[in-house]
Amino acid sequence: MDKTAIVRCEHFNAAHRLHNKNWSDEKNKEIFGKCNNPNYHGHNYELEVKVIGVCNAEIGYVIDTKILSHIIKEKILNRFDHKNLNLDTEEFTDLNPTAENIAIVIYNLLKPEIDPTLDLKIKLYETPRNYVEYPY
Ligand code: NI
């Protein structure tokens, strides 16, 4: 049977600051620019969760989107929506909350919740013009 991909789109707002504590303020500003603003800044993150696999023969679904939506809400949105990623979440206490790292964290939080016979891919838009994909 051929594989099919199904994508669930979700959304969250969060604040962050990109900063490497091992660097000087000057170097942080040089590398991260506006994203190093000491008082943080926000993004409207658009999250696309893609699940890939062979449809269940009896049902015709790769995964029930109601179930997928529920998993994303429980594991991701409740954790990150309307939060300061640096200050309010344990995932980014010591990890720079770049879009790349956020996508990897989201993947790792969702992967154990999805049937292991299915593949999972994350697309995360930080702005309408910038997005990251994991795994690539
Ligand atoms: Ni930013």
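Structure report, in brief. (Residues numbered from 1 in each chain as written. Predicted model: local features only at pLDDT ≥ 70, side-chain atom pairs only at ≥ 80, totals over all residues. Heavy atoms only, no water.)

Here we look at the coordination of the nickel ion
And step 1. Summarising the metal site, the nickel ion is bound by the protein donors His16 (NE2), His41 (NE2) and His43 (NE2), whose distances to it range over 2.0 to 2.1 Å.
And step 2. The sequence pattern formed by the donor residues of the nickel ion is H-x24-H-x1-H. With His16 in strand β1 (residues 3-16) and His43 in strand β2 (residues 41-54), the pair connects residues that are 27 residues apart, well separated along the chain.
And step 3. The class for His16 is buried, based on a relative accessible area of 0%.
And step 4. Take His43: its relative accessible area is 13%, and that puts it in the buried class. (Donors = N, O, S within 2.8 Å, 3.2 Å for Na, K, Ca; no water. Helix = DSSP H or I, 4+ residues; strand = E, 2+ residues; numbered from the N terminus. Buried < 20%, exposed > 50% of the residue type's maximum accessible area, 1.4 Å probe, protein only.)

Some remarks on the pattern of salt bridges
And step 1. Summed over all chains, the structure comprises six salt bridges.
And step 2. Here Lys66 and Asp64 are joined by a salt bridge, their closest N and O atoms 3.5 Å apart.
And step 3. Judged by its relative accessible area of 61%, Lys66 falls in the exposed class.
And step 4. Across the pair Lys75 and Glu113 runs a salt bridge, and its minimum N-O distance is 3.7 Å. Of this pair, Lys75 sits in helix α2 (residues 65-80) while Glu113 sits in the loop between α4 (99-110) and β4 (119-127), and the two are 38 residues apart along the sequence.
And step 5. The exposure class of Lys75 is partly exposed, given its relative accessible area of 27%. (Salt bridge = Lys/Arg side-chain N within 4 Å of Asp/Glu carboxyl O.)

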